[in-house]
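Structural features, examined
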Amino acid sequence: MALMSKLDFRSENKFRYDFLALGALVQRFDPGLVPLHEASHFARHCSGAEYNPAANLAKCFRMRTAIASAIVQYPPGWWIESEVRRAGVVGYYKWFPFDGVRGPRMANTYSDRGIGVRAPEVWYDRANEAGALLAPGDFDWRELFEVDGVRWFHSGGIFASLSPSTSALILEGMKSAHAAGTIASYDLNFRKKLWDASAGGTARALEVNRGIVSCADVLIGNEEDLQLGLGIAGPDVASNQSRLHARSFQAVIERTGKEFPNLRVIATTLREVRSASRHIWKALMWYDGQFYETPELELDVYDRIGGGDGFAAGLIYGLLSGEAPDDALKLGWAHGALLTTYPGDITMARLDQVRALAKGGGARVSR
């Protein structure tokens, strides 16, 4: 694989934001261990695959973050706006009126946790969501990137799947970011249910994702994302063989780098699911022509939603903070692992806890 050039990080002193995300905000309803079809009580979480890294970076890593998104003027929208502020994230919104009949509305997702042999389930309730109506021209990228200043711009495949206009908006944002010298990242986050429901289906997913990735500097995703969302050949993701064979996925990453020579970082998580409650977890990364790999970690999973977003946040923090690539990868690996021990979609970890786990710390009580 050809050598990747290093990321060029701009000084934080000259910019208002370390990180800006573009994506849809949602409510996630979580019944815990009760199956969704039997649940009558739910915990309510503010979420979004693109928003979650921004919230994680603000809460745990004390970085200056923002989200560009859509909000509807009714109680769920006002609640989400409040939760975003509570997480320490600045919101840039296109506001939509609510008429109670035709929409638009804030999207809902429903997910239970599963346990043991019972797998968790995720159901989407995203019809007529405001986020899908976002389109090129909705945000003043020049103001954000050139006047305020942003060090890192991020979006992902869930937002891209919502409509043709959302994927076009991602491309507009990435091109504006590059024009201002801002790093741009994309998390594939391939969700077959969402792409199957969109115009063009899964076939369009490959076209859209490949077009966006060709404009990105940093690509994040797990082994299924790279294969199903980008069309990169690799081990059978549906097989029962171990997902932790790093050499197999090193080859997948190398093929990805050859097809997209613009990429300067490719990072992936590997997860072997022994049961809904027990996972084996590790991470891999190509950076500047070098291959980095974490140890394997056995996870006792409380809530798996958001683990990948936690990995992305820790990795981005490490890279932006000037950590060595190996240390940056371990921060992502450790933070993603910790996130699976909390309820909800965003972090409850402290930075000292992340660093301790990244250095090999265990679960002995801290006195």
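Here goes a summary of the coordinates provided. Computed from a predicted model, the values in this text were never measured in an experiment. (Residues numbered from 1 in each chain as written. Predicted model: local features only at pLDDT ≥ 70, side-chain atom pairs only at ≥ 80, totals over all residues. Heavy atoms only, no water.)

**Points about unusual backbone geometry**
For clarity, the threshold we go by: Helix and strand assignments follow DSSP, with helices taken as H or I runs no shorter than four residues and strands as E runs no shorter than two, numbered in order from the N terminus.
The omega torsion across glycine 103 and proline 104 is 0°, close enough to zero to call that bond cis. Tracing the chain through its elements places proline 104 in the loop between β5 (89–96) and β6 (107–111). You will see that arginine 62, though not glycine, has its phi angle at about 55°, which is positive. When you line up the elements, arginine 62 lands in the loop between α1 (51–59) and β4 (65–72).

**Topic: the pattern of salt bridges**
Test applied: By salt bridge we mean one thing: a side-chain nitrogen of Lys or Arg within 4 Å of a carboxyl oxygen of Asp or Glu. Only protein chains enter the accessibility calculation, which uses a 1.4 Å probe; a residue is then buried when its area is under 20% of its type maximum, exposed when over 50%, and partly exposed in between.
As enumerated under the stated definition, the model contains 22 salt bridges in all. In this structure, aspartate 303 and arginine 28 form a salt bridge, with 3.0 Å as the shortest nitrogen-oxygen distance. You can see aspartate 303 sitting in the loop between β14 (297–300) and α10 (307–320) and its partner arginine 28 sitting in strand β2 (residues 26–30), a full 275 residues away along the chain. By relative accessible area, which is 2% here, aspartate 303 ends up buried. Overall, arginine 28 belongs to the buried group, its relative accessible area being 3%. Glutamate 129 is the partner of arginine 126 in a salt bridge, and the nearest nitrogen-oxygen pair spans 2.5 Å. Owing to a relative accessible area of 3%, glutamate 129 belongs among the buried residues under this scheme. Taken together, the shared-partner salt bridges in this structure form one network comprising Asp18, Arg64 and Arg151.

By themselves, these are just geometric observations and shouldn't be taken as functional.
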